[in-house]
Every structure is written in C-alpha cells, then in structure tokens.
Amino acid sequence: MCALAGVSRSGYYSWLRNIHAREQREFQDKADFALILEAYKFRGYNKGARGIHMRLLHIGVRMNVKKIRRLMKKYQLFCPIRKANPYRRMAKAIRTNAVADNKVKREFKLHGARKILLTDITYIPFNNTFCYLSVIKDAFTEQILSYVLSESLEVDFVLLTVNQLIATHGDTLETDVILHSDQGCHYTSVAFRKLLNDYNLRQSMSRRGNCWDNAPQESFFGHMKDELAIKSRNWTTFEEVKADIDDWMDYYNNYRGQWCLEKLTPNEYYNYIKTGINPLLVGRKIG
C-alpha cells in the first residue's frame, strides 16, 4: 500500500504516531482563527493581516502577522484589496519636472485686465463619487473666462479649458498674458506646456505647497461650493451637477456683485474699465 501511494514506510508510521499532534494543531488553529475572525469583523470594517494583528494587540493577544496570513489563507478569509488609484498612475505618467517660475508673485491686481489669468482644478462630490472642474479666471476683473466640468481627471479637460479661453476671449488677451497655476501634474505635462507655447501664453506656477500664491482662485472655489451647498445635497447625476454649475457661473459673472469691484458684477466691471461707464451711476442724480 505504501508503494502504491508513493510514500515511504517510515513516513507512514511517522504520520500514524503524530496524528494526535496534528489534531491538537488543528484545534489550536481553529481557536486562533476564531480570534482572527473576531478582530476582522470588529466594528464592521474589514481588515488585512496587519490590521488584525493590531486589533489583537488591543485586546491583549499577540499573534505573528505571518501566522495570521497563514490562517486567513487556510480558512479562506480574504480582505478586499483596495485598487490602485488610476489617476495616480496617470499623474505619474504625465508629470514632468518642468516647473515654471512664479512670475506673478501674488501681484494679482497690479497689471490690469487680461494680464494675469489664474487656473486650477477642484473636486466636486456627488452621489458618492466626484467630477472635476477646471477654471480660468481673470485675476483683475474676477471674471471666469473659461471652465470645463469633467467626469475624468485626464489631462484633456484642462487642455479644453485653454482652448475654450482662446476661442471665447482670445481677441481680448494681452500679448504678454500670464497663465498662473499650481505645480499639479496637469500643468507640468508636456501637452499643457506645448499648448501654452502654441498660443503664446506665458506660464507661471505657485511655489510648491504654497496655496497663497494662487489664493484668489482658491477663494473662488470656496465661495462657489458654499453657495451651491444646498443644491449639491440633491445631486445624483453628472448632468444635474453640470446644470447647476452652468447656472451658477452665469450668475457669478453677470449677477453677483462684488464689493471690491465697485459693487459691480465681474462682467460689468470689465465693461466699466473698458468704457468708463459705471452702470450703477447711469442716470443717477447728484446731490
């Protein structure tokens, strides 16, 4: 029988002698796995081997991580593995070391209209997911000159924002206009830098980790999200988000007066500095 089974006689008799040790080991494995399962299910959040190890330590049980992994494999207990963020891989793929100098140096208002343009991306949460808003803003007039809402973080929607800017306001841009951003991977990408070069736009970037270098753009996103907070609670589809963003952008540019702009809306203020006509003073009697 040993010959037919392909085992040695000594191996067979060793197996017979150790049957009780194996039963005891199996019993111990089951007891240890019960502790692992208790730690795994603690508070209803699944855990990996290291998380289980740390939870066991908190209840006074020391168990080697290798043993935990062995027992999890033995009893087919698997923790869902978090998938790698595809946008992180994308960011790594398109990012370069081509960081532009900070030409703006926080002088947002000193150069007049269409001289300093600010751009950035913000995340818009809805229905347990996100969409992404790319915006270009005139730092002097506070106008939103271009914006694109996207369901993807791919670099294309940032390029589309620039193309939209040129198509809509290209004839109003000064020859030495600066487009200022942070050092995000979209703005250091080869495609973005080439597009700016094609349109003769000068590139400027904030210093690394310094949000104050692009503060007006950050402030704009904060106001937008505050004012859309009530509507955002009911967003369930991308189309609903886009409709409300479109409506708010129209409101912002054409109807939302700003104290620092002579109490005018951004579009009114731009027309005012171009024509010298303040619509709030037209027909107003003095005295």
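Bear in mind that the values here come from a model prediction, so they are computed numbers and not experimental data.

Q: Lay out the nonpolar core in plain terms, naming residues and giving numbers.
A: In a soluble, globular protein the nonpolar side chains are often hidden away together inside. Of all hydrophobic cores here, the largest spans 23 residues; its most connected members are Leu117, Ile121, Phe157, Val162, Leu179 and Phe192. Once you skip the residues sitting within four places of it in the chain, phenylalanine 157 turns out to touch Ile121, Tyr132, Leu133, Ser134, Val148, Ser150, Ser152 and His186. Grouped together as the second largest cluster of nonpolar side chains are 18 residues, Leu133, Leu228, Ile245 and Met249 included.

Q: Summarise the pattern of salt bridges; cite the residues concerned and give the values.
A: Summed over the entire model, instances satisfying the criterion amount to 14 salt bridges. Across the pair aspartate 29 and lysine 74 runs a salt bridge whose closest N-O atoms are separated by 2.9 Å. Residue aspartate 29 is found in helix H3 (residues 19-41), and its partner lysine 74 is found in helix H5 (residues 65-74); the two are separated by 45 residues along the sequence. By relative accessible area, which is 6% here, aspartate 29 ends up buried. One salt bridge in this structure joins glutamate 227 and arginine 256, with 2.9 Å as the shortest N-O distance. Linking glutamate 227 in helix H10 (residues 215-227) with arginine 256 in the loop between helix H12 (238-254) and helix H13 (266-275), this pair joins segments that are 29 residues apart in sequence. On the accessibility criterion, arginine 256 (14% relative accessible area) is buried. Linked by salt bridges that have partners in common, Glu26, Asp29, Arg70 and Lys74 make up one network.

Q: For the packing of H3 against helix H4 (residues 49-58), give the residues involved together with the corresponding values.
A: Interhelical geometry of H3 versus H4 gives an angle of 100 degrees and a closest axis separation of 9 Å. In terms of axis orientation, H3 runs roughly perpendicular to H4. Contact with H3, carried on its side by Leu35, Ile36, Ala39 and Tyr40, involves Ile52, Arg55 and Leu56 of H4 and no other residues of that element. Class assignment for the residues of the contact of H3 with H4 results in six nonpolar, no polar and one charged.

Conventions and cut-offs
Numbering of residues begins from 1 in every chain and follows the order in which that chain's sequence is written. Where local features are concerned, this predicted model is filtered to residues with pLDDT of at least 70; where side-chain atom pairs are given and counted, the filter is 80 or more; whole-chain, interface and lining totals use all residues. Hydrogens are left out, water is left out, and the side-chain values use all remaining heavy atoms of the structure. The term nonpolar core refers to a set of buried residues drawn from Ala, Val, Leu, Ile, Met, Phe, Trp, Tyr and Cys, joined through side-chain atoms within 4.5 Å. When accessible area is computed with a 1.4 Å probe and restricted to protein chains, residues below 20% of their type maximum are described as buried, those above 50% as exposed, and intermediate ones as partly exposed. Throughout, a residue-residue contact means that at least one pair of heavy atoms, one from each residue, lies within 4.5 Å. Any carboxyl oxygen of Asp or Glu within 4 Å of a side-chain nitrogen of Lys or Arg constitutes a salt bridge here. Helix and strand assignments follow DSSP, with helices taken as H or I runs no shorter than four residues and strands as E runs no shorter than two, numbered in order from the N terminus. Lines are fitted to the C-alpha atoms to define the axes, a helix being fitted only along its stretch in contact, and any angle between axes, read from their N-to-C directions, falls within 0 to 180 degrees. Reported orientations rely on four angle classes, namely roughly parallel under 35 degrees, roughly antiparallel over 145, roughly perpendicular from 65 to 115, and oblique for the rest. Here the term charged refers only to Asp, Glu, Lys and Arg, the term nonpolar to Ala, Val, Leu, Ile, Met, Phe, Trp, Tyr, Cys and Pro, and the term polar to all other amino acids, Gly among them.

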